[in-house]
Amino acid sequence: FYRTVTGPMTAGGVATLTLTERYLYGPKLTKPGSAHNLPHLGKGLRWLDENFKLYDDSDTTADWFYYMWTIQRVGQATGYRTFNGIDWFRQVTAEMLNRQQPDGLWQDPSGKQGKLLSTGFALLYLSSALEPIAVAKIRFDGNWNNRPHDLWNFVDHASDRYEVPTTWQVADLSQPVYQLMDSPLLYLASDE
């Protein structure tokens, strides 16, 4: 049990490490050539990017709504639009809305969690699902993320300045054009 790696707990750990790194090293991570200072954060992101599943994952059945909420937190903090090739924003939001029951509540697929807990995490997820994407950072082969907190700082500043919550994402030029058009700006950064 203690050695089992699960999606919900990994996402929760990565969300916590992302915030920890931001508060401990935030200003240093905007300088050219900086990289994540917490090695476990990078390891957790890689695990999520290789193992995230939306459906039929036995580890996530009871904690599905918690898992999707933590994936959203990780996605918004790191800018990752996809994990394991799954567009978490579009697909999770659609699935979340499809899972709402006629009485307006949500229930986890296993039935182990109560409606109150499932509904709470569903509402937490949906409450920030409408934040517009202000800018997309282009990921490419090479040192594309040498300033890991640059866009996080930018959208924080823009959100405060214009009093409208905004977010950012990581984009690949191989993504469909409609996904790239979700953002009015594409940003390319490198150490070269």
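This text follows the structure it describes.
Every value quoted in this text rests on a predicted model; they were computed, and no experiment measured them.

With respect to the side chain of Thr166
Examined against the element boundaries, Thr166 turns out to sit in the loop between α6 (150-162) and β4 (167-172). Residue classification places Thr166 among the buried positions, given a relative accessible area of 19%. Within the structure, the side chain of Thr166 is placed 3.5 Å from the backbone oxygen of Val155, a separation counted as a polar contact. In this view, Thr166 contacts Glu131, Pro132, Ala134, Val155 and Ser159; residues no more than four positions away in its chain are not counted.

Overview of helix α4 (residues 88-98)
Along α4, the residues classified as buried are Trp88, Val92, Thr93, Glu95 and Met96. Looking down the long axis of α4, one finds its buried residues gathered within 165° of arc, a one-sided arrangement. On its buried side, α4 packs onto α3 (64-78), β1 (82-83), β2 (86-87) and α5 (115-127).

Quick look at the sheet that holds strand β3 (residues 133-139)
Hydrogen bonds between backbone groups are what pair the strands of a sheet, and the pairing can be parallel or antiparallel. If you trace the 3 strands from one edge of the open sheet to the other, you get β4-β3-β5, paired in parallel fashion. Among the strands making up the open sheet, the edge pair consists of β4 and β5 (186-187). Across 6 bridges, β3 lies against β4 in parallel orientation. The residue bridging Lys137 from the neighbouring strand is Val170, located in β4. Lying on the sheet, α6 is in contact with β3, β4 and β5; it crosses β3 at an angle near 170°.

Here's the deal with the side chain of Gln169
Checked against the element boundaries, Gln169 lands in strand β4. Exposure remark for Gln169: the relative accessible area of 4% places this residue in the buried category. Residue contacts for Gln169: discarding those within four places in its chain leaves Gly79, Arg81, Ile133, Val135, Ala136, Lys137 and Gln179.

Section: the nonpolar core
Of all hydrophobic cores here, the largest spans 35 residues; its most connected members are Leu48, Phe52, Met68, Ile71, Phe83, Val92 and Met96. Once residues lying within four places of it in the same chain are set aside, the contact partners of Met68 are Phe52, Lys53, Leu54, Val92, Met96 and Tyr125.

Topic: the packing of aromatic side chains
Per the stated rule, a full pass over the model turns up 8 aromatic pairs. Centre to centre, the rings of Trp64 and Phe65 are 4.9 Å apart; their planes meet at 85°, and the pair counts as edge-to-face. A single burial state applies to Trp64 and to Phe65, both of which are buried. A centroid spacing of 5.3 Å and a plane angle of 75° characterise the contact between Tyr66 and Phe121, whose relative ring orientation is edge-to-face. With a gap of 55 residues between them, Tyr66 in helix α3 and Phe121 in helix α5 connect regions that are remote in the sequence. Residue class for Tyr66 comes out partly exposed when judged on its relative accessible area of 22%. Residue Phe121 is classed as buried on the basis of its relative accessible area of 17%.

What counts and what doesn't
Residues numbered from 1 in each chain as written. Predicted model: local features only at pLDDT ≥ 70, side-chain atom pairs only at ≥ 80, totals over all residues. Heavy atoms only, no water. Helix = DSSP H or I, 4+ residues; strand = E, 2+ residues; numbered from the N terminus. Buried < 20%, exposed > 50% of the residue type's maximum accessible area, 1.4 Å probe, protein only. Polar contact = N/O pair within 3.5 Å; in protein donor to acceptor, adjacent residues only side chain to side chain. Contact = heavy atoms within 4.5 Å. Arc of directions from axis to C-beta. Pairing = 2+ DSSP bridges. Axes fitted to C-alpha atoms, helices over the stretch in contact; angles between N-to-C directions. Core = buried A, V, L, I, M, F, W, Y, C linked by side-chain atoms within 4.5 Å. Phe/Tyr/Trp six-rings, centres within 6.5 Å; stacked < 30°, edge-to-face > 60°.

So far we have only geometry, and geometry alone does not tell us how the molecule works.
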